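Observations on chain architecture
Chain by chain, the residues run as shown.
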Amino acid sequence: MKRIGMLTSGGDCQALNAAMRGVVKCLSCSGEAVEIYGFLEGYKGLIYGDFRMLTGADFSGILTKGGTILGSSRTPFKLMREPDENGLDKVEAMKQNYYKLKLDCLVILGGNGTHKTANLLRGEGLNVVTLPKTIDNDLWGTDMTFGFQSAVDIATDCIDCIHTTAASHGRIFIVEVMGHKVGWLTLNAGMAGGADIILIPEIPYDINKIIEAINARAERGSKFTIMAVAEGAISKEDAKLSKKEYKEKMKNYPYPSVSYEIADKIQKKTGLDVRVTVPGHTQRGGSPCPYDRVFATRLGAEAGKMILNGEYGFMVGYKNREVIKVPLEEVAGKLKMVSPDATIVQEAKLTGISFGD
Ligand code: F6P
């Protein structure tokens, strides 16, 4: 008999349900008796003992369902060691709930912050297996996270729609893409949507280079320009500021987000008409794309196999088209960023895409 605790933490994404289903299908197909304790709303459920016993029926029909059947929440890692408002020691509470339910292991699905806490729990002696979810694709130790491809599809659809109206009106259009501090989503959706300019956090931009690219297109007869701008895009000047100086500057930031700042600067410097579209959380919503359904099922099945073998302390990752095990202590606290020298960036530049650098 295996007693498994399961939780989904952090911002949700597509294919969380598909991954959990993969784990449970693998365990039930093995013939081993299993009890699944689903902790609700991420680590909160584990801290406060808020769980639901789940049966095979809970995992039936959820392969295609977006969101997470367990709910999710953000429980910042930096606050994990601090007592809650009632003085409760959160780490101790999680351990007690784990031992009280006599769990064999925890299956934790999450992104960067989630992995820091998962590694903390591993360090505290709990058996943990994790699965890499996030539309940002910024988890270290894996080439791909589930949710990413689905989000690329949605952001690309958005750029496609903007393309037709941009062509009719001869304007500059900015589509602001999620991705937190990294540019994977913007780079891929930008290339897939045929964006003319792609701005990512890893390559700070110069507003004059952006305007040069717009003018060069106009000289070639293109009346419109499509820009895919990462929500974390940063100018060359701002990239030079210290963390403290940048924070100070952002206190009086007059724009809703970076795209509006860029739009304002282009408009003022050129007089051109600029429009901003922010697809926002739609990028995390809806059904997982077929790629993510397959990918999450594969990772889930491998997690199930690891549990059956009693292999704990790993994230199930994906490298060079192989599913692999990555020690949690190697994953926690690291960010996988786009290298400005990456071949994909060079190839994008070869096709005339400007990165504003
Ligand atoms: O990490 C996933 C993500 O969607 C990021 O791309 C984005 O910056 C962030 O979450 C948004 O967070 P929230 O849902 O808390 O607003």
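The sections below set out a description of the structure shown in this document. Because the structure is a prediction, the values reported are computed rather than measured.

Quick look at the overall build of the protein chain
Across its full length, the protein chain holds 13 helices and eleven strands. Expressed as lengths along the three principal axes of its C-alpha atoms, the size of the protein chain is roughly 70 × 40 × 30 Å. Here the protein chain holds 357 residues, and 52% of them are scored as buried. In the protein chain, of all internal contacts separated by at least 6 residues, the share reaching a separation of at least 24 is 74%. Total accessible area on the protein chain is roughly 15700 Å²; 51% of this is exposed by carbon and sulfur atoms. The protein chain carries 44 positive and 42 negative side-chain charges, and their two centres are separated by 1 Å.

Re the environment of glycine 179
In this fold, glycine 179 is placed in the loop between strand E6 (172-177) and helix H6 (184-192). In this structure glycine 179 comes out as buried when scored by relative accessible area, which is 0%. For glycine 179 and alanine 233, which are 54 residues apart along the polypeptide, the C-alpha to C-alpha distance reads 9.9 Å. Here glycine 179 is in contact with Asp136, Leu185 and Glu231, once residues within four sequence places are set aside.

Some remarks on the site of the ligand
Taken together, Arg74, Ile135, Asp136, Met178, Gly179, His180, Glu231, His281 and Arg284 are the residues near the ligand. Between the ligand and histidine 281, the relevant distance is 2.9 Å, taken from an oxygen atom to a side-chain nitrogen or oxygen of the residue. Taking 390 Å² as the accessible area of the ligand by itself, protein coverage stands at 71%. Residue composition of the shell around the ligand, by class: two nonpolar, three polar and four charged.

Some details on the sheet that holds strand E10 (residues 314-319)
The sheet built from seven strands is open, its strands ordered E3-E2-E1-E4-E5-E10-E11 with mixed pairing. Lying at the two open borders of the sheet, with one neighbouring strand each, are strand E3 (51-54) and strand E11 (322-327). Averaged over all pairs of adjacent strands, the angle between strand axes in this sheet comes to 30°, irrespective of strand direction. Sheet topology places strand E4 (residues 105-110) next to strand E5 (residues 128-132); five bridges connect them, and they run parallel. Each bridged residue has a counterpart across the sheet, and for valine 107 the counterpart in E5 is valine 129. Running at roughly 140° to E10, helix H11 (residues 290-309) makes contact with strand E1 (2-8), E4, E5, E10 and E11 of the sheet.

Overview of a positive patch on the surface
A surface patch of positive charge is lined by Lys78, Lys116, Lys181, Lys243 and Lys247. Within the secondary structure layout, lysine 247 lies in helix H9 (residues 243-251). According to the relative accessible area criterion, lysine 247 is exposed, its value standing at 64%.

As for the packing of H6 against helix H13 (residues 343-350)
One way to put it is that H6 packs onto H13 with a least axis distance of 12 Å and a crossing angle of 35°. Of the two elements, H6 crosses H13, and the hand of that crossing is left-handed. For the pair H6 and H13, contact is made by Leu187, Asn188 and Met191 and by Ile344, Val345 and Ala348, respectively. Looking at the contact of H6 with H13 residue by residue, the classes come out as five nonpolar, one polar and no charged.

Concerning the sheet that holds E6
Two pairing modes exist for strands in a sheet, parallel and antiparallel, and in both the strands are linked by backbone hydrogen bonds. With parallel pairing, the four strands of this open sheet are ordered in space as E7-E8-E6-E9. Across the chains shown, the open sheet's two edge strands, defined by having one partner strand only, are strand E7 (197-199) and strand E9 (274-277). Between one strand axis and the next, the sheet turns through 20° on average, direction left out of account. Pairing analysis gives six bridges linking E6 to strand E8 (residues 225-230), with the strands arranged parallel. Across the sheet, valine 175 pairs through a bridge with alanine 228, a residue of E8.

Quick look at the side chain of threonine 142
Examined against the element boundaries, threonine 142 turns out to sit in the loop between E5 and helix H5 (148-169). When neighbours within four sequence positions are excluded, threonine 142 is seen to be in contact with Pro132, Met315, Gly317, Tyr318, Lys319 and Lys336.

Some words on the packing of helix H1 (residues 16-29) against H11
Running from N to C, H1 and H11 cross one another at 40°; their axes reach a closest spacing of 7 Å. When the axis of H1 is compared with that of H11, the two are oblique. Here H1 runs over H11; the crossing is right-handed. Residue-level inspection shows Ala18, Ala19, Arg21, Gly22, Val23, Cys26 and Leu27 of H1 in contact with H11, the latter providing Arg293, Ala296, Thr297, Gly300, Ala301, Ala303, Gly304, Lys305, Ile307 and Leu308. Looking at the contact of H1 with H11 residue by residue, the class counts come to ten nonpolar, four polar and three charged.

Considering H6
Within the span of H6, buried status applies to Trp184, Leu185, Thr186, Leu187, Ala189 and Gly190. Buried residues in H6 make contact with H5, E6, E7, E8 and H13.

Here is what the cut-offs are and how they apply
- Residues numbered from 1 in each chain as written.
- Predicted model: local features only at pLDDT ≥ 70, side-chain atom pairs only at ≥ 80, totals over all residues.
- Heavy atoms only, no water.
- Helix = DSSP H or I, 4+ residues; strand = E, 2+ residues; numbered from the N terminus.
- Buried < 20%, exposed > 50% of the residue type's maximum accessible area, 1.4 Å probe, protein only.
- Contact = heavy atoms within 4.5 Å.
- Areas by Shrake-Rupley, 256 points an atom, 1.4 Å probe, with all protein chains shown as cover.
- Lys, Arg positive; Asp, Glu negative; His and termini not counted.
- Charge placed at Lys NZ, Arg CZ, Asp CG, Glu CD.
- Near = heavy atom within 4 Å.
- Polar contact = N/O pair within 3.5 Å; in protein donor to acceptor, adjacent residues only side chain to side chain.
- Nonpolar A, V, L, I, M, F, W, Y, C, P; charged D, E, K, R; others polar.
- Pairing = 2+ DSSP bridges.
- Axes fitted to C-alpha atoms, helices over the stretch in contact; angles between N-to-C directions.
- Patch = residues over 30% accessible without salt bridge, like charges linked within 9 Å, V, L, I, M, F, W, Y side chains within 5 Å.
- Salt bridge = Lys/Arg side-chain N within 4 Å of Asp/Glu carboxyl O.
- Left-handed = near helix turned anticlockwise from the far one by under 90°.
- Parallel < 35°, antiparallel > 145°, perpendicular 65-115°, else oblique.

Geometric descriptors of this kind do not, in isolation, establish any biological role.
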